[in-house]
Amino acid sequence: MTRTLKAFLIAAALTATGASVCALTAEQPAAAQAAVAAPSLKLFPDSKMIQGDRISVEVVGTGPDLIFVPGLASSRETWKRTAERLRGHYRLHLVQVNGFAGAPSGANAEGAVFVPTAEAIDAYIVQAKLAPVTYIGHSLGGTMGLYLAEHHPEHLKKVMLVDSLPFFGVIFAGPQATSESVKPMAEGMRAQMIASTPEQYEANSARTVGSMVKNPEGLKTVIAWGKVSNHKVVANAMAEDLMLDLRPGLATTQTPITLLYPFDPSLGAPGAMIDGTYTSQYAPVPHKTLVRIDDSRHFIMLDQPAKFDTALDAFLAS
């Protein structure tokens with residue numbers, strides 16, 4: 001288990017360091033900006049776009065409301081295939097964090113990212129009159145959902161987390177880790193990510209980013225998102241996520257939580273170890289369902305789309 005999630009975090013960090021030289025920022029020359037094509041921020045021609053300081057939201061479809069939040073350095077395109085499948089039955093609110101995957105950084109350009117962005121998502125839920133809403137989040141987006149379940153439970157009906165943990169610090173520093181004990185490591189990773197050169201990114205990314213996704217086309221897509229992310233925004237969000245410990249609030253969380261987590265034997269960790277890590281991390285949650293998705297890495301919706309659909313439909317029907 002340690003290898004699986006640690007590999008993801010390192011890969012995510014390396015993806016972000018690639019953005020340090022490729023991100024679309026005001027400081028870059030026009031020629032450098034043109035060299036990297038940002039993905040379209042709007043997925044559907046008939047959708048409505050809502051732009052905020054911390055997030056943007058694309059709204060499409062009709063029916064009960066669902067909110068989807070992608071992970072670190074990721075685009076709302078994470079959910080495009082899911083949105084195409086569900087838009088005839090639900091109204092979908094597809095979030096993208098400012099500074100990720102080609103989106104302008106806005107208020108995330110400086111200072112803290114994780115908590116202000118999670119609070120911005122909560123403010124959107126309230127302002128759009130969605131509460132209580134069904135929330136689906138991947139990785140960092142899932143951790144934000146867990147944060148909201150602890151801090152604003154009245155605004156959530158239920159939450160699906162796709163490969164998220166309440167405290168990522170334990171993956172690097174073991175079960176005795178605390179926010180303070182992992183702080184030097186997180187700050188060091190932040191600084192290294194920001195300072196990395198293009199050559200360092202390319203070499204390291206080639207070795208490790210495959211730990212995030214098995215699907216070849218999905219792998220190319222995830223790499224492309226990282227390249228057009230703002231490296232400073234991603235570095236700050238990653239460091240904050242690494243230090244954030246949500247475990248103390250799990251026992252009193254009344255929001256029903258469903259967790260999808262991956263297992264890929266090719267990464268070397270036995271299934272029992274994978275199961276034990278996730279089970280122990282979420283043991284205090286009163287209302288939970290844990291679902292393992294085999295032959296998948298971190299991006300379950302890209303590696304095993306049919307299994308992801310089945311699990312999501314079961315969650316929505318529960």
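Let me sum up the structure you'll find in this document. (Residues numbered from 1 in each chain as written. Predicted model: local features only at pLDDT ≥ 70, side-chain atom pairs only at ≥ 80, totals over all residues. Heavy atoms only, no water.)

### Brief notes about the packing of helix H4 (residues 114–127) against helix H5 (residues 140–151)
Turning to step 1, where the next piece is worked out: Across the interface, H4 lies against H5 with an axial gap of 10 Å and an inter-helix angle of 65°. Between H4 and H5, the crossing angle belongs to the class labelled roughly perpendicular. Judged by the sense of rotation from one axis to the other, the crossing of H4 with H5 is right-handed. Across the interface between the two elements, Phe114, Val115, Thr117, Ala118, Glu119, Ile121, Asp122 and Ile125 of H4 pack against Leu140, Thr143, Met144, Tyr147 and Leu148 of H5.
Turning to step 2, where the next piece is worked out: In terms of residue class, the contact of H4 with H5 is built from nine nonpolar, two polar and two charged. (Axes fitted to C-alpha atoms, helices over the stretch in contact; angles between N-to-C directions. Helix = DSSP H or I, 4+ residues; strand = E, 2+ residues; numbered from the N terminus. Parallel < 35°, antiparallel > 145°, perpendicular 65-115°, else oblique. Left-handed = near helix turned anticlockwise from the far one by under 90°. Contact = heavy atoms within 4.5 Å. Nonpolar A, V, L, I, M, F, W, Y, C, P; charged D, E, K, R; others polar.)

### Things to note about helix H13 (residues 305–317)
Turning to step 1, where the next piece is worked out: An ideal rise of 1.5 Å per residue puts 18 Å on 13 residues; H13 measures up with 18 Å between its terminal C-alpha atoms.
Turning to step 2, where the next piece is worked out: Restricting attention to buried positions, one finds in H13 the residues Phe308, Asp309, Ala311, Leu312, Phe315 and Leu316.
Turning to step 3, where the next piece is worked out: Looking at the buried positions of H13, the neighbouring elements they touch are strand S3 (65–69), helix H3 (80–86), strand S5 (133–138), strand S6 (156–162), strand S7 (257–263) and helix H12 (300–303). (Expected span 1.5 Å × (residues − 1). Buried < 20%, exposed > 50% of the residue type's maximum accessible area, 1.4 Å probe, protein only.)

### A closer look at the nonpolar core
The nonpolar side chains of a soluble globular protein tend to be buried, and buried together.
Turning to step 1, where the next piece is worked out: Of all hydrophobic cores here, the largest spans 59 residues; its most connected members are Ile121 and Tyr135.
Turning to step 2, where the next piece is worked out: At eight residues, the largest contribution of residues to this core is made by helix H10 (residues 231–243).
Turning to step 3, where the next piece is worked out: Setting aside residues no more than four positions away along its own chain, Tyr135 makes contact with Ile67, Val69, Ile121, Gly141, Met144, Gly145, Leu148, Leu156, Lys158, Val159, Met160 and Phe315.
Turning to step 4, where the next piece is worked out: Counting residues in hydrophobic clusters, the runner-up holds 29 residues, among them Trp79, Ala101, Met301 and Phe315. (Core = buried A, V, L, I, M, F, W, Y, C linked by side-chain atoms within 4.5 Å.)

Nothing here speaks to function; it is all geometry.
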